[in-house]
Amino acid sequence: MKKAIYPGSFDPITFGHIDIIQRAKKQFDHITIALFKNIDKDPLFSIQDRCNIIKEYFMNDQQISVEYFDGLLVEFAAKHDIYTIIRGLRAVSDFEYEFQLALTNRSLNERIDSVFFMTDLKYAFLSSSTVRQLIKFKSSISAFVPAAVENKVRELLNG
Ligand code: ADP
């Protein structure tokens, strides 16, 4: 069985991430979406909310599981017997960061390889941080994220 892990902050998940997942599903039998529990900045959505939104979206999809983790990605992946990391690339600016990350991960565990999916042109300018900005300015985000994200925003705004 070909397994892969798709790690990220997913604060929140966007249609850009979902496009990468749908395309990766054609190449792998099973994908674990793995959320970093502690990200550098204060996340807008809690780890539980980020996780629940993704679980709800992929509820009936046997090819997908959703987990969160703390610590080193390569250790978490190896513990689950996964040695392929999926990442997405948008602009050239993503490349440098991803290059560094992929080499670091391989130096930590040489069985680990990273594979990269090029963004769909539709989502080339879409990032979680853009969505967070739109939320801050109370702008519509329905073109960029699944309905569960919008519902959560509404819930948070209404206390
Ligand atoms: P991180 O905090 O690790 O960058 P993100 O949740 O922001 O995590 O993104 C996870 C992965 O998905 C990264 O490899 C990122 O480049 C990729 N990604 C994010 N948005 C898009 C998009 N619109 N198109 C393609 N890949 C994307």
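Residues numbered from 1 in each chain as written. Predicted model: local features only at pLDDT ≥ 70, side-chain atom pairs only at ≥ 80, totals over all residues. Heavy atoms only, no water.

Draft legend 1. Representation of the overall build of the chain in the model. Across its full length, the chain carries six helices and five strands. For the chain, the α and β elements follow one another from N to C terminus as β-α-β-α-β-α-β-α-β-α-α. Over its C-alpha atoms the chain spans a radius of gyration of 15 Å, differing by no more than 12% from the 15 Å that the globule rule assigns to 159 residues. The principal-axis extent of the C-alpha atoms belonging to the chain is close to 45 × 35 × 30 Å. Put simply, of all contacts in the chain between residues at least 6 apart along the chain, 76% involve residues at least 24 apart. A total of about 9400 Å² of accessible surface is found on the chain, and carbon and sulfur atoms cover 52% of it. (Helix = DSSP H or I, 4+ residues; strand = E, 2+ residues; numbered from the N terminus. Rg over C-alpha atoms; globule rule 2.2 N^0.38 Å. Contact = heavy atoms within 4.5 Å. Areas by Shrake-Rupley, 256 points an atom, 1.4 Å probe, with all protein chains shown as cover.)

Draft legend 2. Expanded view of the site of the ligand. Surrounding the ligand, one finds 17 residues, the nearest of these being Y6, S9, G88, Y123 and L126. Between the ligand and E98 there is a distance of 3.1 Å, counted from an oxygen atom to a side-chain nitrogen or oxygen. One of the backbone nitrogen or oxygen atoms of Y123 is found 2.8 Å away from a nitrogen atom of the ligand. The fraction of the free accessible surface of the ligand (550 Å²) that becomes covered by protein chains is 89%. Among the secondary structure elements, those contributing two or more residues to the shell around the ligand are β1 (3–8), α1 (15–24), β4 (84–89) and α4 (92–108). Partitioning the shell around the ligand into residue classes produces seven nonpolar, six polar and four charged. (Near = heavy atom within 4 Å. Polar contact = N/O pair within 3.5 Å; in protein donor to acceptor, adjacent residues only side chain to side chain. Nonpolar A, V, L, I, M, F, W, Y, C, P; charged D, E, K, R; others polar.)

Draft legend 3. Highlighting helix α2 (residues 47–57). For α2, the full list of buried residues reads I47, D49, R50, C51, I53 and I54. The elements touched by buried residues of α2 are β2 (30–36), β3 (64–69) and α6 (147–157). (Buried < 20%, exposed > 50% of the residue type's maximum accessible area, 1.4 Å probe, protein only.)

Draft legend 4. Inspection of the pattern of salt bridges at higher detail. This model, assessed by the stated rule, comprises nine salt bridges. Here D19 and R23 are joined by a salt bridge, their closest N and O atoms 2.8 Å apart. With a gap of four residues between them, D19 and R23 both fall in helix α1, about one helical turn apart. The class of D19 is buried, set by a relative accessible area of 14%. One network of salt bridges, with partners in common, ties together D49, K152 and E155. (Salt bridge = Lys/Arg side-chain N within 4 Å of Asp/Glu carboxyl O.)

Draft legend 5. Main features of the packing of aromatic side chains. The tally for this structure, following the rule as stated, stands at five aromatic pairs. Judged by centre distance (5.0 Å) and plane angle (70°), the rings of Y57 and F58 are edge-to-face. Residue class for F58 comes out buried when judged on its relative accessible area of 6%. Note on F69 and F76: the rings are 4.8 Å apart at their centroids and 20° apart in plane angle, and the pair reads as stacked. Assessed through its relative accessible area of 8%, F76 is described here as buried. Three or more aromatic residues joined by ring pairs make a cluster, and in this case those are F36, F69 and F76. Of note, K2 hangs over the ring of F28, and the distance from its end group to the ring centre comes to 5.9 Å. (Phe/Tyr/Trp six-rings, centres within 6.5 Å; stacked < 30°, edge-to-face > 60°. Lys NZ or Arg CZ within 6 Å of the ring centre and 35° of its normal.)

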